[in-house]
Amino acid sequence: MEPLSKTLETKPEEKRIVTGSEAVILSLLEEGVDTVFGYPGGAIMPIYDALFGYEKELNHILVRHEQGAAHAAQGYSRATGKIGVCFATSGPGATNLITGIADAQIDSTPLVCITGQVPSHLLGTDSFQESDVLGISMPVTKWNFQVTRTEEIPWAIARAFYIAGTGRPGPVLIDITKDAQFGKLEYKYKKCEKIRSYHPYPHPDERKVLEAAELINAARKPYMLVGHGVLLSGAENEVIQLAEKAGIPVASTLLGLSAVPTDHPLYVGYLGMHGNYGPNIKTNECDVLIAVGMRFDDRVTGDAKKYAPQAKVIHIEIDPAEIDKIIKTTVAINADAGHALQSLLPHIIETKHEEWLQEFRDCDEIEYNKVIQKDMYPEGEKIKMAETIRILNEITGGDAIIVTDVGQHQMVASRYTQFKQTNSNITSGGLGTMGFALPAAMGAKIGRPDRLVVGIIGDGGIQMTIQELGTISQYNIPVKIIILNNNFLGMVRQWQQLFFEKRYSFTHMHNPDFVMIGKAYGIPSEKIENKDQLKSALENLIATEGPALLEIVVEKEENVFPMVPSGDSVSNIRLE
């Protein structure tokens, strides 16, 4: 019989020796990743070889272009609140990601991008498919790192996820040399929970909170602007609580759309160059302006020197670099939007500002009579973009995720779409990336298979990433694609008409047969040109199982109004 001390001995934990490539996959699984968008190539081939044994644990979507991988990861992230992940090889594979990474950076979308790289002994030699992706991506990433030693892989991935998803989110890039992928290590994974000198969640300064509350309580015409930071923080309920408690009208930036339901009685509309009339002109009439999770982009402010000069400005913002960058604040609360509002709410006195709110409703009536009525209920046979959105709202009930590209259709969809659920608006804001919508829509649908996802795209934007129809077809991703076709680069054409004496320089589009292309990919596709076909065609689109495409030929030289001329004051918004 063995001695008791012998039987109580614990067996030493078995070491797990894996390749660097398998360590990549295992580390992603440790972070809860379920989907990766990517495109293989020579320098990342070892990681793809390791992925071969993990198809059940990790869903890989083969895109048709690396830009599509980045945008699909963005759509996935924006729809789910998770961190999007994409793979690309070295050289052109890595550089093709850059547009999507830059888009994610300016719109605060968390991504982890993993690129393969030539072997470490070839770095700097201009070897085949080598590019300095760290140097190229540095200005458009929150953090980047090059792995040249196999044992660095778990540490780098853990750090990447922590940085991407905390504080003001953003994209990170890890570049892994081929020899590091082939090497072996004893695999252990520890999630990153802290980095010295990185403090992603500053605590609200109680003095600033009290100062903000004092301004709000004394305000006669308070006005709240909500941005993407509200959605990223998950602070939608706190925004509504503050608005309802203090009777504050609320407007949304482009990326803040869907943070507040569009039918909420205190919601007054959409800000910006093509935003609603009241939200723009009332900016220069309010006495306290409360900006939550937004950065005062030039498309919101117009001429910053003439923006809300009469107002005391409260700015709630997690990124200190954005505070006082464009608009000088009276009170700045550097904190997560949700934490700041939770600290603020107990100090707010219940009140109403019905006369002030009515001023916005009076503006709504002016805008309806001069713009909205003729856009949504047009006379004549030509289909207008706003009419399409109105009927789509009727069919979806405002419960769809709407993914837009960049251009006139984006502004029309932003103005007229009804949003009843949060995280329902996905678009390219700060970078304005044409080609965003198609891959972002497929990423959103993969992330949220339970929700209807509709991509609304112009005839210019669709052709920048039209190859992703192949991805949608291969994986039978049931996105609904609407192409609003006016045979123009519509937004540029509008500027040429209004500000360049109708010199339509290279904005007319000779388009392909989109229906034929859709059908070539095996996607049910239809084209309509007559108004009496519109409702039934949209109903058929939504009812179709699997993916479907509908091309709608809209009025060729339609303009989007209201409009704040570039660089002008928001008070000078044009209704025609």
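If you're wondering where the values come from, they're calculated on a predicted model, not measured in any experiment.

**Student:** I'd like to hear about the packing of helix α16 (residues 385-396) against helix α17 (residues 408-416), residue by residue, with values.
**Tutor:** With their axes 9 Å apart at the nearest point, α16 and α17 run at an angle of 45° to one another. When the interaxial angle is binned, α16 and α17 end up oblique. As for the relative orientation of α16 and α17, their crossing is right-handed in sense. The residues of α17 that touch α16, namely those facing Met385, Ala386, Ile389 and Asn393, are Gln408, His409, Val412, Ala413 and Tyr416.

**Student:** Which residues make up the state of the cysteines, and what values go with them?
**Tutor:** If you walk through the whole model with that rule in mind, you get zero disulfides. Here Cys286 stays unpaired: no disulfide links it, and the sulfur of Cys363, its closest cysteine neighbor, is 13 Å away.

**Student:** Which residues make up the domain arrangement of the chain, and what values do they have?
**Tutor:** When cut into domains, the chain gives domain 1 (6-186), domain 2 (206-359) and domain 3 (383-553). The C-alpha centroid of domain 3 is placed 31 Å from the C-alpha centroid of domain 1. Taken together, the contact pairs 24 residues of domain 1 with 28 residues of domain 3. Across the domain 1/domain 3 interface, buried area totals approximately 1,900 Å², and carbon plus sulfur atoms make up 63% of it. The largest share of the area that domain 1 buries against domain 3 comes from Arg64, Arg78 and Ala79, three residues that together contribute 30% of it. On the surface where domain 1 and domain 3 come into contact, there are eleven residue pairs in polar contact (both at pLDDT 80 or more). Elements with a contribution of two residues or more to the side of domain 1 that touches domain 3: β2 (35-38), β3 (59-62), α4 (66-80) and α5 (92-106). The element best represented in the side of domain 1 that touches domain 3 is α4, accounting for ten residues.

**Student:** Give me the lowdown on the environment of His199, citing residues and values where you can.
**Tutor:** In this fold, His199 is placed in the loop between β8 (184-186) and α9 (206-218). Since its relative accessible area comes to 65%, His199 is described here as exposed. Separated by 218 residues in sequence, His199 and Thr417 place their C-alpha atoms 37 Å apart.

**Student:** Please set out the environment of Ser137 residue by residue, giving values where relevant.
**Tutor:** Position of Ser137 relative to the elements: it lies in helix α6 (residues 133-137). In this structure Ser137 comes out as buried when scored by relative accessible area, which is 0%. Here the alpha-carbon distance between Ser137 and Ala102, two residues 35 residues apart in the chain, equals 8.2 Å. The residues touching Ser137, leaving out its near neighbours within four places in the chain, are Ile98, Asn144 and Leu173.

**Student:** Lay out helix α15 (residues 354-376) with the relevant residues and their values.
**Tutor:** Over its 23 residues, α15 runs only 28 Å from end to end, short of the ideal 33 Å by more than 12%, given 1.5 Å per residue. Its axis deflected by about 55° at Tyr368, α15 carries its strongest bend there. Regarding α15, the residues found buried are Trp356, Leu357, Phe360, Cys363, Glu367, Val371, Ile372, Asp375 and Met376. On its buried face, α15 sits against β9 (222-226), β11 (267-270), α12 (277-281), α16 and α17.

So, how was this worked out
- Residues numbered from 1 in each chain as written.
- Predicted model: local features only at pLDDT ≥ 70, side-chain atom pairs only at ≥ 80, totals over all residues.
- Heavy atoms only, no water.
- Axes fitted to C-alpha atoms, helices over the stretch in contact; angles between N-to-C directions.
- Helix = DSSP H or I, 4+ residues; strand = E, 2+ residues; numbered from the N terminus.
- Parallel < 35°, antiparallel > 145°, perpendicular 65-115°, else oblique.
- Left-handed = near helix turned anticlockwise from the far one by under 90°.
- Contact = heavy atoms within 4.5 Å.
- Disulfide = S-S within 2.5 Å.
- Domains from an automatic or database assignment.
- Buried area = accessible area lost by both parts, 1.4 Å probe.
- Polar contact = N/O pair within 3.5 Å; in protein donor to acceptor, adjacent residues only side chain to side chain.
- Buried < 20%, exposed > 50% of the residue type's maximum accessible area, 1.4 Å probe, protein only.
- Expected span 1.5 Å × (residues − 1).
- Bend = angle between axes of the 7 residues up to and from the residue.

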